[in-house]
Amino acid sequence: MSTILLEKQDQVSIVKLNRPEAHNAFNLAMLTELGEVIEKLSHDTETKIVIFTGAGEKAFSSGADLKERRTLTDNEVRRNVRKIRTVFQQIADMPQPTIAAVNGYAFGGGFELMLACDFRIAQKESIIGLTETSWAIIPGAGGTQRLPRLIGVAKAKELILTAKKLSAEEALNYGIITRVVEKGELLPSCLELAKIMLANGPIALQQAKFAIDQGMNTDLRTGLDIEGKAYEVTIPTKDRLEALQAFAEKRKPVFKGE
């Protein structure tokens, strides 16, 4: 059985972690398959938005598969950690906007997958946390770097060093979760956000995401230069001219990503 399910709804691809019997924990097979799916989607011009979620009703992902970890040598553990870090960086680097649809527990690597996405929408029953220090390890798939950039150093240290678990509402107050919704509203809410973004120019979406992500890792002057180059990409596009023409004709533009 495939550990990753892929569903396409028009211009939206939904990636589902498919190990519900293991709370969608990441073993090497799942990480390998997830990396392959991400590679394909990153070059899929028909996919404009990507949503990540978990199979079943209990978990988005509980993190690393601890049953597998018990059987691994030290070098195999290092291999798995490198793999999950690489795959999550692939997700962070995707040109399309990404949404984590958090449908339950999101611990360790599950939390870090959320952090690699642009938006995080959670059903209110969800519980999340970077719990690695309680297992005598540390977050190894971006948690110590992405969380401080999202919520600040002091708050990130509090959550990581205490291995604290948060409710969805608490995570919203910390600024980790974008929105909290009722259980049956999770995927519809994610698709509604996708729909709003899809009304805009797809090349502009990608370039805006690129400018923000790359600019956040540098000084303001360099960030402004990155923004300028990203803007340059949009100038010769047919979509930009279509937007101007639609404005003149008082109609909605029809963007084609060209």
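What counts and how
- Residues numbered from 1 in each chain as written.
- Predicted model: local features only at pLDDT ≥ 70, side-chain atom pairs only at ≥ 80, totals over all residues.
- Heavy atoms only, no water.
- Helix = DSSP H or I, 4+ residues; strand = E, 2+ residues; numbered from the N terminus.
- Contact = heavy atoms within 4.5 Å.
- Core = buried A, V, L, I, M, F, W, Y, C linked by side-chain atoms within 4.5 Å.
- Buried < 20%, exposed > 50% of the residue type's maximum accessible area, 1.4 Å probe, protein only.
- Salt bridge = Lys/Arg side-chain N within 4 Å of Asp/Glu carboxyl O.
- Axes fitted to C-alpha atoms, helices over the stretch in contact; angles between N-to-C directions.
- Parallel < 35°, antiparallel > 145°, perpendicular 65-115°, else oblique.
- Left-handed = near helix turned anticlockwise from the far one by under 90°.

### Looking at the environment of C190
Okay, step 1: With respect to the helices and strands, C190 occurs in helix α8 (residues 186-198).
Okay, step 2: For the pair C190 and I99, spaced 91 residues apart in sequence, the C-alpha separation works out to 7.0 Å.
Okay, step 3: Residues within four places of C190 in sequence aside, it is in contact with I51, I99, A101 and I121.

### As for the nonpolar core
Okay, step 1: If you look at the biggest cluster of nonpolar residues, it comprises 44 residues, and the most contacted ones within it are L34, F88, M114, I128, L147 and I176.
Okay, step 2: When residues of this core are assigned to their parent elements, the largest contribution, six residues, is made by helix α1 (residues 28-42).
Okay, step 3: In terms of nonpolar packing, the next biggest core, distinct from the first, is built from 14 residues, I51, I99, I121 and A194 among them.

### Some points on the pattern of salt bridges
Okay, step 1: Applying the stated criterion to the full structure yields nine salt bridges.
Okay, step 2: A salt bridge links E158 to K164; the shortest N-O distance between them is 3.9 Å.
Okay, step 3: Among the residues examined, K164 registers a relative accessible area of 32% and is labelled partly exposed.
Okay, step 4: Put simply, E242, E249 and R251 are held in one network by salt bridges that share partners.

### Describing the packing of helix α3 (residues 74-92) against helix α4 (residues 109-116)
Okay, step 1: Between α3 and α4, whose axes approach to 8 Å, the crossing angle comes to 25 degrees. It follows from the interaxial angle that α3 and α4 lie roughly parallel. Handedness of the crossing formed by α3 with α4: right-handed. Together, I84, F88, I91 and A92 of α3 and G109, E112, L113 and A116 of α4 make up the contact between the two elements.

Read these as layout, nothing more, since geometry by itself doesn't imply function.
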